[in-house]
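Residue-level listing of the chains:
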Amino acid sequence: LSATYRMSSQFNQSHFRADGDNRQLWRMNPRRLDVEAWRDGLFEVTGELDRTFGGPPVNDILASPRRTLYAAVSRNGDRLPSDTFLRLFDFPSARATVADRPVSTVPQQYLFLLNSPFMAARAKAFAERLATESKDDAARIDRAYRLLYSRPPSDEEQELGLTFLGGDDLDKKSRWSRYAQVLLSSHEFMQIR
């Protein structure tokens, strides 16, 4: 009969002052998505997700749009390209029984988001999707926020996006790819709120 599970994770200053640790459950604590859900979400918003059921496992999950469920994982955790990626984002060892996954936040995760060819390819695909679905920059920014975060951008977010996209130092496609990569790498996309 509890309504706690339906609570938002929205921040409230007065509640935070009274109960900063959220012991009285005045909001849902945000939590990071598992790597499988996050990766599949990336492919879903870019329009690349392969939803085919069944078939053989994929050794290099970074090179395939198949759902992460089909990633081959070695028991040693260091033999396949998929192992390195999955373990970077707290995938448990295949040799161990793990009741609850640990959640870590390490610099290597952010370096992956900023520098990996995988994320650059997702950003390019996302920018292309937005270009085909919306006619101008403001509409594309709005569409991006609705796809990624299920909400419209705030006035400040819209203004920041338009300012960045209106610069002169890069061509329009490169600018959109970089902007898309920032949006795809955000905490808001990686967390359940």
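In this report, we go over the structure that sits alongside the text.

What counts and how
- Residues numbered from 1 in each chain as written.
- Predicted model: local features only at pLDDT ≥ 70, side-chain atom pairs only at ≥ 80, totals over all residues.
- Heavy atoms only, no water.
- Helix = DSSP H or I, 4+ residues; strand = E, 2+ residues; numbered from the N terminus.
- Buried < 20%, exposed > 50% of the residue type's maximum accessible area, 1.4 Å probe, protein only.
- Contact = heavy atoms within 4.5 Å.
- Areas by Shrake-Rupley, 256 points an atom, 1.4 Å probe, with all protein chains shown as cover.
- Lys, Arg positive; Asp, Glu negative; His and termini not counted.
- Charge placed at Lys NZ, Arg CZ, Asp CG, Glu CD.
- Polar contact = N/O pair within 3.5 Å; in protein donor to acceptor, adjacent residues only side chain to side chain.
- Arc of directions from axis to C-beta.
- Axes fitted to C-alpha atoms, helices over the stretch in contact; angles between N-to-C directions.
- Parallel < 35°, antiparallel > 145°, perpendicular 65-115°, else oblique.
- Left-handed = near helix turned anticlockwise from the far one by under 90°.
- Nonpolar A, V, L, I, M, F, W, Y, C, P; charged D, E, K, R; others polar.
- 1 Å grid on protein atoms, 1.4 Å probe; cavity = no way out; pocket = protein on both sides within 12 Å on 5 of 7 lines; lining within 4 Å.
- Points joined across faces, edges and corners; volume = space filled by probe spheres on them.

### Examining the overall build of the protein
Here is step 1 of the chain: Helices and strands together make up the secondary structure of the protein, namely 9 helices and 2 strands.
Here is step 2 of the chain: Starting at the N terminus and walking to the C terminus, you meet the elements of the protein as α-β-α-α-α-α-α-α-α-α-β.
Here is step 3 of the chain: For the protein, the C-alpha atoms occupy an extent of roughly 50 × 45 × 30 Å along the three principal directions.
Here is step 4 of the chain: The buried share among the 193 residues of the protein stands at 38%.
Here is step 5 of the chain: Sequence-distant contacts in the protein: of pairs separated by 6 or more residues, those separated by 24 or more amount to 46%.
Here is step 6 of the chain: Total accessible area computed for the protein in this model is approximately 11,900 Å², and 52% of it derives from carbon and sulfur atoms.
Here is step 7 of the chain: Computed over 28 positive and 26 negative side-chain charges, the separation of the two mean positions in the protein equals 4 Å.

### Thoughts on unusual backbone geometry
Here is step 1 of the chain: Phi angles above zero are rare outside glycine, and Leu25 is one such case at about 55 degrees.
Here is step 2 of the chain: Among the structural elements, Leu25 can be located in the loop between helix 1 (13–18) and strand 1 (31–32).
Here is step 3 of the chain: Residue Leu25 is classed as partly exposed on the basis of its relative accessible area of 41%.
Here is step 4 of the chain: One non-glycine residue, Ser150, lies in positive phi territory at about 60 degrees.
Here is step 5 of the chain: When you line up the elements, Ser150 lands in the loop between helix 6 (137–149) and helix 7 (155–165).
Here is step 6 of the chain: By relative accessible area, which is 66% here, Ser150 ends up exposed.

### Remarks on the side chain of Arg39
Here is step 1 of the chain: Within the fold, Arg39 resides in helix 2 (residues 35–46).
Here is step 2 of the chain: Side chain to side chain, Arg39 and Thr68 meet in a polar contact 3.0 Å long.
Here is step 3 of the chain: In contact with Arg39, other than residues within four places in its own chain, are Ile61, Ser64, Pro65, Arg66, Arg67, Thr68, Phe85 and Phe118.

### Looking at helix 7
Here is step 1 of the chain: Of the residues making up helix 7, those classed as buried are Gln158, Gly161 and Leu165. Burial along helix 7 is one-sided: seen end-on, the buried residues are contained in an arc of 65 degrees. Facing away from the buried side of helix 7 by more than 90 degrees, the exposed set consists of Asp155, Glu156, Glu159, Leu160 and Thr163.
Here is step 2 of the chain: Those residues of helix 7 hidden inside the fold are in contact with helix 6 and helix 8 (172–184).

### Looking at the packing of helix 6 against helix 7
Here is step 1 of the chain: Interhelical geometry of helix 6 versus helix 7 gives an angle of 125 degrees and a closest axis separation of 10 Å. As the angle between them shows, helix 6 and helix 7 are arranged oblique. As helix 6 packs across helix 7, the resulting crossing turns out to be right-handed. Residue-level inspection shows Asp137, Ala138, Ile141, Asp142 and Tyr145 of helix 6 in contact with helix 7, the latter providing Glu157, Gln158, Gly161, Leu162 and Leu165.
Here is step 2 of the chain: Residues of the contact of helix 6 with helix 7, tallied by class, amount to 5 nonpolar, 2 polar and 3 charged.

### Comments concerning empty space enclosed by the protein
Here is step 1 of the chain: Counting across every chain of the model gives 2 cavities of 30 Å³ or more.
Here is step 2 of the chain: In this structure, the second largest cavity spans a volume of roughly 30 Å³.
Here is step 3 of the chain: In terms of residue class, the lining of the second largest cavity is built from 5 nonpolar, no polar and 1 charged.

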